[in-house]
Amino acid sequence: MNDLNAVMETAVEIPANIEALQLSRKKAEKIALENNKLHKRLCRLVGQAIGDFNMIEDGDKVMVCLSGGKDSYALLDILMTLRDRAPIHFDIVVVNLDQKQPNFPPEILPAYLTELGVAFHIENQDTYSIVKRLIPEGKTTCSLCSRLRRGILYRVADELGATKIALGHHRDDILETFFLNMFFGGKLKGMPAKLVSDDGKHMVIRPMAYVKEEDTERYAEVKGFPIIPCDLCGSQENLQRKQIKAMMRDWDKKFPGRVESIFSSLANVAPSHLMDPKLFGFQDLKTDGVANPQGDIAFDDEPCSTPTTFGATIPLQAV
């Protein structure tokens, strides 16, 4: 009798186990599909930004600045994918600046990059001590730290023969900088996707300009990047940027599409409808009797009704 009961229990367990395995397999397949779609989306958006701004050309040597954060890891990963697919040839060299911040793990990035098989250079410069010596305790160190880092990276780019310097800033970084300048600096100024350095010698590119931060966060989880915390020096995060980030995330939840529309506006500027006389000749402006379809619409019933969606301004195309 006991043997019969055991056989019956086993017979019941087998279908249940099979069903559980099937559900587990379906779940795994769905996750794999979503991860693949994410990778394709990142490749498409990075490729689109590179094409829109002519960021990388045949024969370029691109210096990818790797900090150990999610964004620069994602940038390197996607650029390596696109390098293998691109119709042009370009090289990649990775540079990390070890600023001798307390608790920085110097072994992580060399081990990761060696396993990846990509050319890299670790630049050791004790900027941390300089910043601590010059900035009073409790004050934000980010500004001086950034200037020192920029100068060092420009020098390293010259030494390595890099023709482009690639940074991992994404769409949200660009918008946050735009709002910071507008709210706290009185300027309509953002973070361009491509720029020439102040000395005119270096081309800086931001291939992740169209990528949402939430996508880089998820991609970092999917790829299992060995993230190095960004608060190693003990400095407080810029409170103003933190406020802007919270504002944008709140908008994204309450008003879907608003952030995309604002981002689109950065590529759809009408200087004649702003107030900067350096950009538009207001003093010399005269009536000429010629109709202008792009002229003033101040008396229209709905002056802000023209759609400026992300997709309309920046069409998405497959790479």
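Predicted model only: the values in this text are computed from it and were never measured.

S.K.: What exactly am I supposed to notice about the overall build of the protein chain here?
M.R.: Along its length, the protein chain carries 10 helices and six strands. With 319 residues in all, the protein chain has 34% of them scored as buried. Contacts in the protein chain between residues far apart in sequence, at least 24 positions, make up 77% of those at least 6 positions apart. Approximately 19800 Å² of the protein chain is accessible, and the part contributed by carbon and sulfur atoms is 55%.

S.K.: Teacher, can you tell me more about the confidence of the model for the protein chain here?
M.R.: Regions with low pLDDT carry predicted coordinates that are not meant to be interpreted in detail. Per-residue confidence for the protein chain gives a mean pLDDT of 85; residues scoring 70 or more make up 83%. A low-confidence stretch, residues 305-319 (pLDDT under 50), is modelled with 27 contacts involving residues beyond four sequence positions or located in other chains.

S.K.: Can you walk me through the side chain of Lys245 in this structure?
M.R.: In this structure, Lys245 sits in helix H8 (residues 239-254). With relative accessibility at 19%, the residue Lys245 sits in the buried group. Separated by 2.9 Å, the side chains of Lys245 and Glu176 make a polar contact. In contact with Lys245, other than residues within four places in its own chain, are Glu176 and Glu213.

S.K.: What exactly am I supposed to notice about the pairing of strand S2 (residues 91-98) here?
M.R.: In summary, the side chains of a regular strand alternate between the two faces of the sheet. Counting buried residues along S2, seven of its eight residues qualify, which places the element largely inside the surrounding structure. This β-α-β element, strand S1 (residues 61-65) to helix H2 (residues 70-85) to S2, shows right-handed connectivity. Following the backbone out of S2, through helix H3 (residues 108-116) and into the adjacent parallel strand S3 (residues 120-124), one traces a crossover that is right-handed.

S.K.: Would you mind showing me how to read the sheet that holds strand S5 (residues 194-196) here?
M.R.: Either a parallel or an antiparallel arrangement is found when strands of a sheet pair, and the pairing is made through backbone hydrogen bonds. If you walk across this open sheet you meet the six strands as S3-S2-S1-S4-S6-S5, and the pairing is mixed. On the outer flanks of this sheet lie S3 and S5, each paired with one strand and no other. Taken over all neighbouring pairs, the strand axes of this sheet differ in orientation by 25° on average, direction set aside. Summarising the sheet, strand S4 (residues 164-166) and strand S6 (residues 203-205) pair through two bridges and their orientation is parallel. Considered in S6, the bridge of Ala166 is made with Ile205. The strands that H3 touches are S2 and S3; relative to S3, the one it contacts most, it runs at about 170°.

S.K.: Help me out: how do you make sense of a nonpolar patch on the surface in this one?
M.R.: A surface patch of nonpolar side chains, amounting to about 550 Å² of accessible area, comprises Met182, Phe183, Phe184, Leu188, Val269 and Leu274. Topologically, Leu188 is positioned in the loop between helix H6 (171-185) and S5. Since its relative accessible area comes to 57%, Leu188 is described here as exposed.

S.K.: Explanation requested: the packing of aromatic side chains in the structure shown.
M.R.: Aromatic rings considered in pairs are described by the distance between their centres and by the relative angle of their planes. All told, the structure shown has 10 aromatic pairs when counted by the stated rule. Ring plane angle 85° and centroid distance 5.2 Å describe the contact between Tyr73 and Tyr112, whose orientation is recorded as edge-to-face. Here Tyr73 is found in helix H2, whereas its partner Tyr112 is found in helix H3, with 39 residues between them in sequence. Look at Tyr112 and you get buried, because its relative accessible area is 16%. An angle of 10° between the planes, with centres 5.1 Å apart, marks the rings of Tyr73 and Phe225 as stacked. Of the two residues, Tyr73 is situated in helix H2 and Phe225 in the loop between helix H7 (213-223) and H8; the sequence distance between them amounts to 152 residues.

S.K.: Quick question: what am I supposed to make of the environment of Tyr154 here?
M.R.: Among the structural elements, Tyr154 can be located in helix H5 (residues 142-160). For Tyr154, a relative accessible area of 16% corresponds to the buried category. Spatially, the C-alpha atom of Tyr154 lies 9.9 Å from that of Asp199, the residues being 45 residues apart in sequence.

S.K.: Teacher, can you tell me more about the packing of H6 against H8 here?
M.R.: Helix packing geometry: the angle between the two helix axes and the distance between the axes. Axis separation between H6 and H8 bottoms out at 9 Å; the angle between their running directions is 115°. In this structure, H6 meets H8 at a crossing whose hand is right-handed. Contacts between H6 and H8 pair Asp172, Asp173, Leu175, Glu176, Thr177, Phe179, Leu180, Phe183 and Phe184 from the former with Gln240, Arg241, Gln243, Ile244, Lys245, Met247, Met248 and Trp251 from the latter. In terms of residue class, the contact of H6 with H8 is built from nine nonpolar, three polar and five charged.

Criteria and thresholds
- Each residue is numbered by its place in its chain's sequence as written, counting from 1.
- For a predicted model such as this one, the threshold for reporting local features is a pLDDT of at least 70, and the threshold for listing and counting side-chain atom pairs is 80 or more; totals across whole chains, interfaces and linings nevertheless cover every residue.
- Only hydrogens and water are set aside when side-chain values are computed; all heavy atoms of the structure are taken into account.
- Think of it this way: any DSSP run of H or I at least four residues long counts as a helix, any run of E at least two long counts as a strand, and we number them from the N terminus.
- Only protein chains enter the calculation, and the probe is 1.4 Å; a residue is then buried if its accessible area is under 20% of its type maximum, exposed if over 50%, and partly exposed in between.
- A contact between two residues is defined here by any heavy atoms of the two lying within 4.5 Å.
- In these tables, accessible area is a Shrake-Rupley quantity obtained with a 1.4 Å probe, and a residue counts as shielded only by the protein chains included in the view.
- Confidence of the prediction at every residue is given by pLDDT, a number between 0 and 100.
- Here a polar contact is taken to be a pair of N or O atoms separated by no more than 3.5 Å, where protein atoms must pair a possible hydrogen donor with a possible acceptor and residues adjacent in sequence count only if both atoms sit in side chains.
- Classification remark: right-handed applies to a crossover when, strands pointing away from the viewer, the course from the first strand over the helix to the second runs clockwise.
- The rule for pairing is simple: two strands pair if DSSP sees at least two bridges between them.
- Convention adopted: a line fitted to C-alpha atoms gives each axis, helices being fitted over their contacting stretch, and angles between N-to-C directions are expressed from 0 to 180 degrees.
- Patch membership requires more than 30% relative accessible area and the absence of a salt bridge. Residues of like charge join within 9 Å; the nonpolar side chains Val, Leu, Ile, Met, Phe, Trp and Tyr join within 5 Å.
- Any Lys or Arg side-chain nitrogen located within 4 Å of an Asp or Glu carboxyl oxygen qualifies as a salt bridge.
- Aromatic contacts are taken between Phe, Tyr and Trp rings whose centres are within 6.5 Å, Trp giving its six-membered ring; a plane angle under 30 degrees counts as stacked, one over 60 as edge-to-face, and the others as tilted.
- Take the far helix as the reference: if the near one is turned anticlockwise from it by less than a right angle, the crossing is left-handed, and if turned clockwise, right-handed.
- By the convention adopted, Pro, Cys, Tyr, Trp, Phe, Met, Ile, Leu, Val and Ala count as nonpolar, Lys, Arg, Asp and Glu as charged, and the other residues, Gly among them, as polar.

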